[in-house]
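# Residue-level structural notes
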Amino acid sequence: MKCYYILFFAIFSITATSQTTPKIYDIISNVSAERLENDITTLANFGTRNTFSDTISNTRGIGAARRWIKNEFDGISRNCNNCLNVFYQKDLVLAEGNRRVPKDTWVVNVVAIQKSKTESNRYIIMSGDIDSRNSDGSNYTKDAPGANDNASGMAGTIEAARVLSKYNFDANIVYLGLSGEEQGLFGGAGFAQYAKEKGWDIIGVLNNDMIGNIKGVDGVISNVDFRIFSEPTPANETEKARKARRFYGGEVDGISRQLARYIHKTTKTYMPEMNPMMIYRLDRFGRGGHHRPFNDLGFAGIRIMEAHENYTQQHQDIRTEDGIEYGDLLKFVDFEYAKKLTAVNAITMASLAWAPAPPADVSIGGIVAPSAKFKWSKSKNAVGYKIYWRDTTSPTWDHSRYVGDVNEFTLDGIVIDNFFFGIAAVGKDGHESVVVFPNAVFR
């Protein structure tokens, strides 16, 4: 009898966790490798997109590139009945005090905002970098095609806009081309401040930087592995929050880490052939990306990128040396792989934009008791809530229970000392918010 129970439980668990939404599969199938190839080729053919390169020419330099990107967004907007608000956002960066800035320069971002059907103040951002570089980041005349770094991420952002603009969402989606990344993340810093001044409620920032290479310098070739970089706790957390973590846990449960887990779960649900690797680090060792300025202001943000980098094709002058071909060339980009990572972004943003806002004021109790207790504030448009928990050593939320439309619940028989917990809001179509780690304790 025990064996039958175990078998039934296993089947029930598989059924319960594999419920999916057909629209998400449609989004995956609508992402086009051919369009990505065309866009990456166009961007690479501008010769260089260095932050300080030509802004007048229509065929070469960052000016031509950003005008082309804006024109693409404008065309997408026309095709969706003007559903995108397309504009430039810019900040002046001075040479004085910035060793990698050879001259005062306007750092110009290209922005396309897909407006929510409900006039929501919630925003999801997908970004790619417009600029490129060669061996010398300040050399703005020599060729720097930047096919993978980062025409791939910029093309993915444009393609996501093409696909998702066919749908209506309850949150705003921002498709963002950022500049000045190679000189100090200036574009991200400027737009993060812009969003803060506008009072945006940012659900998450998906920074895509290099999503087209499958052949690593380490000899590994894989078209299914990719990395999700996320910092463990908010950079601007309070001293009170830091002290509380010593006693209640949460060293790896900041808002950016929860966003990374959401991407991991969404990918494994809808694209099980892919291998999302959650990297417990802000970015690659000692390096940075355009999600960091958003993190600095307290917004959730992560970096999605290939798993196996080839350093001979990054930040290199085009040349052949000792039999090795250097340079970030089109021939090294795998467009089918870029399609897969673009789809990962698109389904994550769609899932988040169709989900209700996460619950607020999540409290946990159950100290010295054989149960875990929860209270939370309800979210608009949520039809219910799901409690998640995991072993303290597990990277993912491995257990869950749907508890309905309530704002408090007790998990009997679950000892609070042995697990970490979180709460997600669930919408009418089953889409869930990001999991919220408890931010208060009650007795």
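An account of the accompanying structure is given in this report. Remember, predicted model here, so these are calculated numbers, not experimental data.

### A few points about the overall build of the protein chain
In terms of helices and strands, the protein chain carries 11 helices and 17 strands. For a compact globule of 443 residues, the expected C-alpha radius of gyration is about 22 Å, and the protein chain comes in at 22 Å, within 12% of that figure. Principal-axis analysis of the C-alpha atoms gives the protein chain an extent of 70 × 50 × 45 Å. Burial analysis of the protein chain (443 residues in total) assigns 56% to the buried set.

### Side note on the packing of aromatic side chains
This model, assessed by the stated rule, comprises 14 aromatic pairs. On the numbers, 4.7 Å between centres and 40° between planes, the contact of F169 with W354 is tilted. Of this pair, F169 sits in the loop between helix 5 (147-164) and strand 4 (172-178) while W354 sits in helix 11 (residues 335-354); the two residues are 185 residues apart in sequence, bridging distant segments of the chain. Of the two residues, F169 and W354, neither departs from the other in class, the shared state being buried. Among the aromatic residues, ring-to-ring pairing joins F87, Y123, F191, Y194 and W200 into one connected group. Cation over ring: K23 sits above W354, and NZ or CZ is 4.0 Å from the ring centre. Cation over ring: K103 sits above Y140, and NZ or CZ is 4.3 Å from the ring centre.

### Focus: the state of the cysteines
In this structure the tally under the stated criterion is one disulfide. Residue pairing for C80: its cysteine sulfur links by disulfide to C83, the two sulfurs lying 2.0 Å apart. Given an S-S torsion of about -85°, the disulfide between C80 and C83 has left-handed geometry. Taking the relative accessible area as the measure of exposure, C83 reaches 14% and is therefore buried.

### Description of helix 11
Taking 1.5 Å per residue, 20 residues should reach 28 Å; helix 11 reaches 28 Å between its end C-alpha atoms and fits that length. Most of helix 11 sits inside the fold, with 17 of its 20 residues counted as buried.

### Some thoughts on the pattern of salt bridges
On inspection of all chains with the given rule, the structure shows 23 salt bridges. When the shortest N-O distance is used, the salt bridge between K70 and D74 registers 3.1 Å. Of the two residues, K70 and D74 both sit in helix 4 (residues 62-79), four residues apart, roughly one turn of that helix. Look at D74 and you get partly exposed, because its relative accessible area is 22%.

### Examining the sheet that holds strand 11 (residues 360-365)
Judged by pairing direction, the sheet is mixed, and its four strands sit side by side in the order 15-12-11-17 without closing on themselves. The sheet is open, and its two borders are formed by strand 15 (408-412) and strand 17 (440-441), each paired with just one other strand. Alignment of strand 11 against strand 12 (residues 371-377), held across four bridges, turns out to be antiparallel. The partner of S363 across the bridge, within strand 12, is K375.

Reading the values: rules and limits
- The residue numbering used here restarts from 1 in each chain and proceeds along that chain's sequence as written.
- Only residues with pLDDT of 70 or above have their local features reported here, since the model is predicted, and side-chain atom pairs are shown and tallied only from 80 upward, although totals for entire chains, interfaces and linings are computed over all residues.
- Hydrogen atoms and water are omitted, and side-chain values are computed over all heavy atoms in the structure.
- Secondary structure elements follow DSSP: runs of H or I of four or more residues count as helices, runs of E of two or more count as strands, with numbering from the N terminus.
- The quantity called the radius of gyration is restricted to C-alpha atoms. Its globule counterpart is 2.2 Å times the number of residues to the power 0.38.
- Throughout, exposure labels follow a simple rule: accessible area from a 1.4 Å probe, protein chains only, divided by the maximum for the residue type, with under 20% read as buried, over 50% as exposed, and the rest as partly exposed.
- Paired rings are identified among Phe, Tyr and Trp, the last through its six-membered ring, by centres lying within 6.5 Å, and are further divided according to the angle between planes into stacked (under 30 degrees), edge-to-face (over 60) and tilted (the rest).
- Counting as a charge over the ring demands two things of the Lys NZ or Arg CZ atom: a distance within 6 Å of the ring centre and an angle within 35 degrees of the ring normal.
- When the sulfur atoms of two cysteines come within 2.5 Å, that pair is taken as a disulfide.
- The span expected for a helix works out to 1.5 Å for each residue beyond the first.
- Any Lys or Arg side-chain nitrogen located within 4 Å of an Asp or Glu carboxyl oxygen qualifies as a salt bridge.
- We treat two strands as partners when DSSP finds at least two bridges between them.

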